[in-house]
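Observations on chain architecture
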Amino acid sequence: MTNQIDDAALREKLKIAQAYAKLKNESKIHDWNPLPKQWEYINSHAKIKTFTACNQGGKTSTACFEEASHATGIYHKDWRGVRYKKPVDIWIVGETSDRVRDTLQGRLFGPIGQFGTGIIPKECIDFDSMIMRPGTPGAIQRARIKHTPTGGWSSIQFFSSDQGREKFQGSTIDRCIAEGQEVLMWDGSYRKIEDIKV
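Calculation rules
- Residues numbered from 1 in each chain as written.
- Predicted model: local features only at pLDDT ≥ 70, side-chain atom pairs only at ≥ 80, totals over all residues.
- Heavy atoms only, no water.
- Buried < 20%, exposed > 50% of the residue type's maximum accessible area, 1.4 Å probe, protein only.
- Helix = DSSP H or I, 4+ residues; strand = E, 2+ residues; numbered from the N terminus.
- Pairing = 2+ DSSP bridges.
- Axes fitted to C-alpha atoms, helices over the stretch in contact; angles between N-to-C directions.
- Parallel < 35°, antiparallel > 145°, perpendicular 65-115°, else oblique.
- Left-handed = near helix turned anticlockwise from the far one by under 90°.
- Contact = heavy atoms within 4.5 Å.
- Nonpolar A, V, L, I, M, F, W, Y, C, P; charged D, E, K, R; others polar.
- Core = buried A, V, L, I, M, F, W, Y, C linked by side-chain atoms within 4.5 Å.

As a further point, take the pairing of strand β1 (residues 89-94). Of all 6 residues in β1, 5 are buried; the element is thus mostly enclosed. As paired strands, β1 and strand β4 (residues 152-160) are joined by 6 bridges and run parallel to one another. Residue Trp-91 lies in a different strand from β4, and its bridge partner there is Gln-157. The pairing of β1 with strand β5 (residues 175-178) spans 4 bridges and is parallel. Bridge pairing in β5 links Trp-91 to Cys-176.

Viewed as axis vectors pointing N to C, helix α3 (residues 59-72) and helix α4 (residues 97-109) meet at an angle of 50°, and their least axial separation amounts to 9 Å. Regarding the angle of α3 to α4, the classification is oblique. For α3 against α4, the interelement crossing comes out right-handed. On α4, the residues touching Thr-60, Ser-61, Cys-64 and Ala-68 of α3 are Thr-103, Leu-104, Arg-107 and Leu-108. Here the contact of α3 with α4 is composed, by residue class, of 4 nonpolar, 3 polar and 1 charged.

Further remarks concern the nonpolar core. The biggest cluster of nonpolar side chains holds 32 residues, and the ones touching the most others in it are Ile-92, Leu-108, Phe-109, Ile-120, Ile-145, Ile-156 and Phe-158. Secondary structure elements with two or more residues in this core: α2 (36-42), α3, β1, α4, β3 (140-147) and β4. Element by element, the count of residues in this core is highest for α3, at 5 residues. When near neighbours in sequence (up to four residues on either side) are disregarded, Ile-145 contacts Ala-71, Thr-72, Phe-109, Ile-120, Cys-124, Ile-125, Gly-152, Trp-153, Ser-154 and Ile-156.

Given below as structure tokens:
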């Protein structure tokens, strides 16, 4: 007796597998599982917090996971940190536009040419209103992100410290993450993170 494969059933299973692979590739927020130290950072209710770890220790991924969760309103089942019930305005700041594009933006949106494959689900990104940064190929300046519980729009803006203090003036925002060795201070100076006394 031979087993014959039903072509229609096989095609249907292949279609389901391809749809699942596409969903996983475009919805990484659902698959990321923080480690205990990462949860400690995420679940903190402090207004100002820092995450110090070794090189490639998950600092950028942790911060991007937290901001993607706030922007989309999609929270992990084990989330105990701050939750927003409304769309939020978020600033993402790094040392240079190139570094912001290659690290923070890449984690959130995916690599250049593959936007929608980062932590933020593709279905939440408003590609039509996305503003690109002049002078830095592939760099996003501002993007609207669907806050799924409300149907409203969160905003993510990317900045770099080398843009100068003036770029950071006059806005009211809900959240900000700053990554790098130096932080832009209120007086326009830059200070190494280890030199800042709180």
